[in-house]
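For reference, the chains in residue letters:
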Amino acid sequence: TALLSGLIERAEAKAEGDERAGTLSLQELLATLDERAFGLGILILALPCAVPFLYAIPQIVAFPMLALAGQLAMGREQPWLPDALAKRRVDVAGLGKVLERARPFLGLLERVSGPRLTPLSEGLGARIIGLLMVIPCASIMVPLPLTNSTPAIGVGIAAFGLLERDGLLIVLGLLLGLFWIFILVFFGAEAVSAFKQLLINQFSS
């Protein structure tokens, strides 16, 4: 939490000198991050997506989340965003409020985290984690109920694990996000099948 608070303070200081006061582009925000840019970037973007029944914002930030996860999977050392994403503006004060709301949860993660299963947070392990993160990040982009909050929480936990080099947190976060998506797909398919059968019965009767 101290790490994220320091980031918000640096972002606020930078935003004060911006011609569009109080906002930063995603590229400017990423530029304030240190060598842990992927973990921090994904965590920061996941936080607003974790708010239940919030639409539009998750779909906006899910694109850069997907880009960061994809680049982590490709083994890039520093994040890069295409111009269309890099120029998107972020309200720094709003980001600070989201962080404040998430502080108790992040504080709990901070207390239980520590270097464990570290190969999952670096090298080939981190590339595999980035590839798996693409799935819940893609789910967040879908503007339907229940598709963003739980996957975003899972991605956030996994991203925090990357920051703390805690492979156990990474695995738990990914399991949460991927299991929730499996549940949605399974019951969604069952619902579609039941609806189709209902239509067939209606037309055949």
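Residues numbered from 1 in each chain as written. Predicted model: local features only at pLDDT ≥ 70, side-chain atom pairs only at ≥ 80, totals over all residues. Heavy atoms only, no water.

Bringing the packing of aromatic side chains into the picture now. Summed over all chains, the structure comprises 1 aromatic pair. A centroid spacing of 6.1 Å and a plane angle of 20° characterise the contact between Phe182 and Phe186, whose relative ring orientation is stacked. Here Phe182 and its partner Phe186 are both found in helix H9 (residues 167-204), 4 residues apart, which amounts to about one turn of the helix. (Phe/Tyr/Trp six-rings, centres within 6.5 Å; stacked < 30°, edge-to-face > 60°. Helix = DSSP H or I, 4+ residues; strand = E, 2+ residues; numbered from the N terminus.)

Further remarks concern helix H8 (residues 149-164). Here H8 is 16 residues long and its end C-alpha atoms lie 22 Å apart, about the 22 Å a rise of 1.5 Å per residue gives. With 14 of 16 residues buried, H8 lies mostly within the body of the structure. Immediately beyond the C-terminal end of H8, within one or two residues, lies Arg165, with a positive phi of roughly 55°. (Expected span 1.5 Å × (residues − 1). Buried < 20%, exposed > 50% of the residue type's maximum accessible area, 1.4 Å probe, protein only.)

Our next topic: the environment of Gly156. Positionally, Gly156 belongs in helix H8. The sequence separation of Gly156 and Leu45 amounts to 111 residues, and the corresponding C-alpha distance is 8.5 Å. Filtering out sequence-adjacent residues up to four positions away, Gly156 remains in contact with Leu43 and Ala46. (Contact = heavy atoms within 4.5 Å.)

Moving on, we come to the packing of helix H3 (residues 37-49) against helix H6 (residues 92-112). Between two packed helices, what matters for the description is the angle formed by their axes and the separation of those axes. Taken N-terminus to C-terminus, the directions of H3 and H6 make an angle of 95°; their axes are 10 Å apart at the nearest point. Taken together, H3 and H6 sit at an angle that is classed as roughly perpendicular. On H6, the residues touching Leu43, Ile44, Leu47 and Pro48 of H3 are Leu95, Val98, Leu99, Ala102 and Leu106. The class makeup of the residues in the contact of H3 with H6 is 9 nonpolar, no polar and no charged. (Axes fitted to C-alpha atoms, helices over the stretch in contact; angles between N-to-C directions. Parallel < 35°, antiparallel > 145°, perpendicular 65-115°, else oblique. Nonpolar A, V, L, I, M, F, W, Y, C, P; charged D, E, K, R; others polar.)

This paragraph deals with the packing of H6 against H8. Taken N-terminus to C-terminus, the directions of H6 and H8 make an angle of 40°; their axes are 11 Å apart at the nearest point. When the interaxial angle is binned, H6 and H8 end up oblique. The two elements H6 and H8 meet at a crossing, and its hand is right-handed. Between H6 and H8, the contacting residues are Phe105, Leu106, Leu109 and Glu110 on the first element and Ile153, Ile157 and Phe160 on the second. (Left-handed = near helix turned anticlockwise from the far one by under 90°.)

Moving on, we get to the pattern of salt bridges. Counted according to the given criterion, the structure contains 2 salt bridges. Between Arg116 and Asp166 there is a salt bridge, with the nearest N and O atoms lying 2.5 Å from each other. In this pair, Arg116 is assigned in the loop between H6 and helix H7 (123-140) and Asp166 in the loop between H8 and H9, connecting sequence segments 50 residues apart. The closest approach of N and O atoms between Glu122 and Arg165, which form a salt bridge, is 2.7 Å. Of this pair, Glu122 sits in the loop between H6 and H7 while Arg165 sits in the loop between H8 and H9; the two residues are 43 residues apart in sequence, bridging distant segments of the chain. (Salt bridge = Lys/Arg side-chain N within 4 Å of Asp/Glu carboxyl O.)

Within the secondary structure, Met133 sits in helix H7. Each C-alpha atom of the pair Met133 and Val155 lies 6.7 Å from the other, and the pair is 22 residues apart in sequence. Beyond its immediate chain neighbours, meaning those up to four positions away, Met133 contacts Ile42, Ala69, Val155, Ala158, Ala159, Leu162 and Leu174.

Another point: a nonpolar patch on the surface. On the surface, a nonpolar cluster with roughly 430 Å² of combined accessible area is contributed by Leu117, Leu168, Val171, Leu172 and Leu175. As for its placement among the helices and strands, Val171 is situated in helix H9. Look at Val171 and you get partly exposed, because its relative accessible area is 31%. (Patch = residues over 30% accessible without salt bridge, like charges linked within 9 Å, V, L, I, M, F, W, Y side chains within 5 Å. Areas by Shrake-Rupley, 256 points an atom, 1.4 Å probe, with all protein chains shown as cover.)

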